[in-house]
Amino acid sequence: AGTVGFVASLGYPFAAALVAAAIAAELILGLILLLRPANSKEVKYASYGLLLFTIAATAMFHVPFIGGATLVPELTTALKNVVVAAALWTVARAE
């Protein structure tokens, strides 16, 4: 209820479905990255999927709150996600 309530408070429709989809994407795609051979197509597609997820999550939940009392934690999280996105891009583009 905490995360779903937060997402709903931001005005996003279908908050419970969004949270469930986010959890599923992180778990499934993360496990693919962990368990499959590094140069497999599954890893390439999982990396692209997590890259898109990271960009979307950053834009939806961190960038709008950079400022005021939340400046430091949200900016820190957004910049961390930039590094994660760069790493995912590198993995996705590896031959």
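Anyway, here's the lowdown on the structure attached to this text.

Reading the values: rules and limits
Residues numbered from 1 in each chain as written. Predicted model: local features only at pLDDT ≥ 70, side-chain atom pairs only at ≥ 80, totals over all residues. Heavy atoms only, no water. Helix = DSSP H or I, 4+ residues; strand = E, 2+ residues; numbered from the N terminus. Salt bridge = Lys/Arg side-chain N within 4 Å of Asp/Glu carboxyl O. Buried < 20%, exposed > 50% of the residue type's maximum accessible area, 1.4 Å probe, protein only. Patch = residues over 30% accessible without salt bridge, like charges linked within 9 Å, V, L, I, M, F, W, Y side chains within 5 Å. Areas by Shrake-Rupley, 256 points an atom, 1.4 Å probe, with all protein chains shown as cover. Axes fitted to C-alpha atoms, helices over the stretch in contact; angles between N-to-C directions. Parallel < 35°, antiparallel > 145°, perpendicular 65-115°, else oblique. Left-handed = near helix turned anticlockwise from the far one by under 90°. Contact = heavy atoms within 4.5 Å. Nonpolar A, V, L, I, M, F, W, Y, C, P; charged D, E, K, R; others polar.

## Examining the environment of V84
- Tracing the backbone through its elements, the reader meets V84 in helix α4 (residues 71–93).
- In the structure, V84 is positioned ten residues away from A94 in sequence and 15 Å away in space, judged by C-alpha atoms.

## Some remarks on the pattern of salt bridges
- Per the counting criterion, the structure on display carries one salt bridge.
- In this structure, R36 engages E42 in a salt bridge whose closest nitrogen and oxygen atoms are separated by 3.6 Å.
- For E42, a relative accessible area of 36% translates into the label partly exposed.

## Describing a nonpolar patch on the surface
- A surface patch of nonpolar side chains, amounting to about 570 Å² of accessible area, comprises V63, I66, L71, V72, L75, L79 and V82.
- Here L79 lies in helix α4.

## Some thoughts on the packing of helix α3 (residues 41–61) against α4
- Remark: α3 packs on α4, axes separated minimally by 9 Å, with the N-to-C direction vectors making an angle of 160 degrees. On the basis of the axis angle, α3 is roughly antiparallel to α4. The two elements α3 and α4 cross, and the hand of that crossing is left-handed. Along the contact surface, α3 presents V43, K44, S47, Y48, L50, L51, T54, T58 and F61, while α4 presents E74, A78, N81, V84, A85, L88, W89, V91, A92 and R93.
- Of the residues in the contact of α3 with α4, the class split is twelve nonpolar, four polar and three charged.

## Let's talk about the packing of helix α1 (residues 2–9) against helix α2 (residues 15–35)
- The interhelical angle for the contact between α1 and α2, taken along N-to-C directions, is 120 degrees, at an axis separation of 8 Å. Considering their axes alone, α1 and α2 lie oblique with respect to each other. Crossing angle aside, the handedness with which α1 passes α2 is right-handed. Across the interface between the two elements, T3, V4, V7 and A8 from α1 touch A15, A16, L18 and V19 from α2.
- Looking at the contact of α1 with α2, its residues break down into seven nonpolar, one polar and no charged.

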